[in-house]
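Given next are the chains, with one letter for each unit.
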Amino acid sequence: MTAVDVASVRLLEADPDEAADVARTEYERFGAVVDRLAGDDWSRPTDCTGWAVRHVVAHVLGATEANAHPVEMVRQLRRARRGTAFEVDPISEAQLRTREHLQPSVLRARFHQAAPGAVAWRRRWSGPVGRATFRVGAPIDEVWRVDHLMGTIYTRDTWMHRIDVCRATGVPLHLTAGHDGRIVADLVADWARRHGRPFRLSLTGPAGGDYTGAQGAPGEPLCLDAVEFGRVLSGRAPGAGLLATRVPF
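Bear in mind the structure is a predicted one, so any value in this text is a computation, not a measurement.

Asks: Just give me the short version of the packing of aromatic side chains, but keep the residues and values in it.
Replies: For the structure on display, the rule yields 6 aromatic pairs. Centroid distance Phe-30 to Phe-111: 5.3 Å. Interplanar angle 55°. Geometry classified as tilted. One end of the pair, Phe-30, is in helix α1 (residues 16-35); the other, Phe-111, is in helix α5 (residues 104-125), with 81 residues separating them in the sequence. In terms of burial, Phe-30 and Phe-111 fall into one category: buried.

Asks: Break down the nonpolar core for me, citing the residues and quoting the values.
Replies: Of all hydrophobic cores here, the largest spans 33 residues; its most connected members are Val-188, Trp-191, Phe-199, Leu-201, Leu-203, Phe-229 and Leu-233. Contributing elements (two or more residues each) for this core: α6 (146-169), α7 (180-195), β6 (199-204), β8 (220-225) and α8 (226-233). Among the elements that take part in this core, α7 stands out by supplying 8 residues, more than any other. In contact with Leu-201, other than residues within four places in its own chain, are Val-188, Trp-191, Gly-209, Asp-210, Tyr-211, Leu-222, Leu-224 and Phe-229.

Asks: Outline α8, listing residues and values.
Replies: Here α8 lies mainly inside the structure; 7 of its 8 residues are buried. Those residues of α8 lying buried are Ala-226, Val-227, Phe-229, Gly-230, Arg-231, Val-232 and Leu-233. Close packing links the buried residues of α8 with α6, α7, β6 and β8. Residue Asp-225 occupies the N-cap position of α8, its side-chain oxygen lying 2.9 Å from the main-chain nitrogen of Val-227.

Asks: Outline the environment of His-148, listing residues and values.
Replies: Turning to its location among the elements, His-148 is positioned in helix α6. Sequence separation of His-148 and Leu-11 is 137 residues, and the distance between their C-alpha atoms is 9.2 Å. Non-local contacts of His-148, meaning those with residues more than four positions away in its chain, are made with Glu-13, Ile-153 and Asp-190. Within the local environment of His-148, its side chain forms a polar contact with the side chain of Glu-13, the two groups lying 2.7 Å apart.

Asks: Can you tell me about the sheet that holds strand β1 (residues 4-5), naming the residues and giving the values?
Replies: A sheet is described by the order of its strands in space; here 4 strands give the open sequence β1-β7-β6-β8, paired in mixed fashion. Edge positions in the sheet fall to β1 and β8, since each of these pairs with one other strand and no more. Sheet analysis places β1 next to strand β7 (residues 209-213), joined by 2 bridges and oriented parallel. Across the sheet, the residue bridging to Asp-5 is Thr-212, located in β7.

Asks: Hey, could you go over the layout of surface pockets for me, with residue numbers and the actual values?
Replies: Within this model, the largest pocket holds a volume of roughly 1200 Å³. Residue lining of the largest pocket: 42 residues in total, with Val-88, Ser-92, Ile-140, Ile-153 and Phe-249 positioned closest to the centre. Ranked by residue count, the leading element in the lining of the largest pocket is α6, at 7 residues. When grouped by side-chain class, the residues that make up the lining of the largest pocket number 26 nonpolar, 9 polar and 7 charged. Looking at the second largest pocket, its volume works out to about 160 Å³. Looking at the second largest pocket, it is lined by 13 residues, and the ones nearest its centre are Glu-13, His-148, Asp-190, Arg-193 and Arg-194.

Asks: I'd like to hear about the pattern of salt bridges, residue by residue, with values.
Replies: Within this structure, the stated rule accounts for 24 salt bridges. Ionic pairing is found between Arg-99 and Glu-72, a salt bridge with its closest N-O pair at 2.9 Å. With a gap of 27 residues between them, Arg-99 in the loop between α4 (88-97) and α5 and Glu-72 in helix α3 (residues 70-80) connect regions that are remote in the sequence. This pair shows no difference in class: Arg-99 is buried, exactly as Glu-72 is. Among the ionic contacts, a cluster of salt bridges with common partners joins Glu-142, Arg-156, Asp-186, Asp-190, Arg-193 and Arg-194.

Asks: Explain the sheet that holds strand β5 (residues 142-145) residue by residue, including any values.
Replies: If you trace the 4 strands from one edge of the open sheet to the other, you get β2-β3-β4-β5, paired in mixed fashion. Looking at strand neighbours, the two that pair on one side only are β2 (81-82) and β5, the edges of this open sheet. Inspection of the sheet shows β2 paired to strand β3 (residues 85-86) by 2 bridges, in the antiparallel sense. Bridging from a neighbouring strand, Arg-81 pairs with Phe-86 of β3. Packed on one face of the sheet, α6 meets β4 (133-136) and β5 and runs near 80° to β5.

Criteria and thresholds
Residues numbered from 1 in each chain as written. Predicted model: local features only at pLDDT ≥ 70, side-chain atom pairs only at ≥ 80, totals over all residues. Heavy atoms only, no water. Phe/Tyr/Trp six-rings, centres within 6.5 Å; stacked < 30°, edge-to-face > 60°. Helix = DSSP H or I, 4+ residues; strand = E, 2+ residues; numbered from the N terminus. Buried < 20%, exposed > 50% of the residue type's maximum accessible area, 1.4 Å probe, protein only. Core = buried A, V, L, I, M, F, W, Y, C linked by side-chain atoms within 4.5 Å. Contact = heavy atoms within 4.5 Å. Polar contact = N/O pair within 3.5 Å; in protein donor to acceptor, adjacent residues only side chain to side chain. Pairing = 2+ DSSP bridges. 1 Å grid on protein atoms, 1.4 Å probe; cavity = no way out; pocket = protein on both sides within 12 Å on 5 of 7 lines; lining within 4 Å. Points joined across faces, edges and corners; volume = space filled by probe spheres on them. Nonpolar A, V, L, I, M, F, W, Y, C, P; charged D, E, K, R; others polar. Salt bridge = Lys/Arg side-chain N within 4 Å of Asp/Glu carboxyl O. Axes fitted to C-alpha atoms, helices over the stretch in contact; angles between N-to-C directions.

By themselves, these figures tell us nothing about what the structure is for.
Structural data, given as structure tokens:
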């Protein structure tokens, strides 16, 4: 199979319509996993330190409701503002504080109710206003464009939390090349931009593919499962060399 030059990968945020389609599918797949949770599943520990499955679902619900309701988005951002930046941890704390006590049936119902509106509002925010920038504080400390947050980060975060819940509960992880492979390709492109080094990457599994970066140089050869690649880059699993380069989720 011919490797894909990572420079040719079009970032999700560059195409608001595609980003909205991918977000819609990811919400559907996360909702399908939540629908299968029962009994002790909700209290099982996840790869997110200190979070059980119910905390993960409450966090994703909080992010989804913020996207579906601008007033809720403003409320969460106010709690996260630190000077001129917005910090991630206070947002997660606010999301959990008002949702982690909810019964599983309520978490499930509210997620399904919020998801369609979240897709619609994220699509609107990815228009001309998407070029506006803001600073993300600790622990990320970067300047982002709005369309990066709306078109990429929220989908990537939901995707990784779907993996977290499936790993914790044994619910089968549904992966396809067209959907999950697209998220992974976007992730590879972001990772490659951050380290800027030549590489040859072979990702296995339904979401995998072969990628190269910095043509003309031999590059560091890497081979691992596509989902594990995401877990490493998110800090859920250890990584060395180029795989020590973290990518925000």
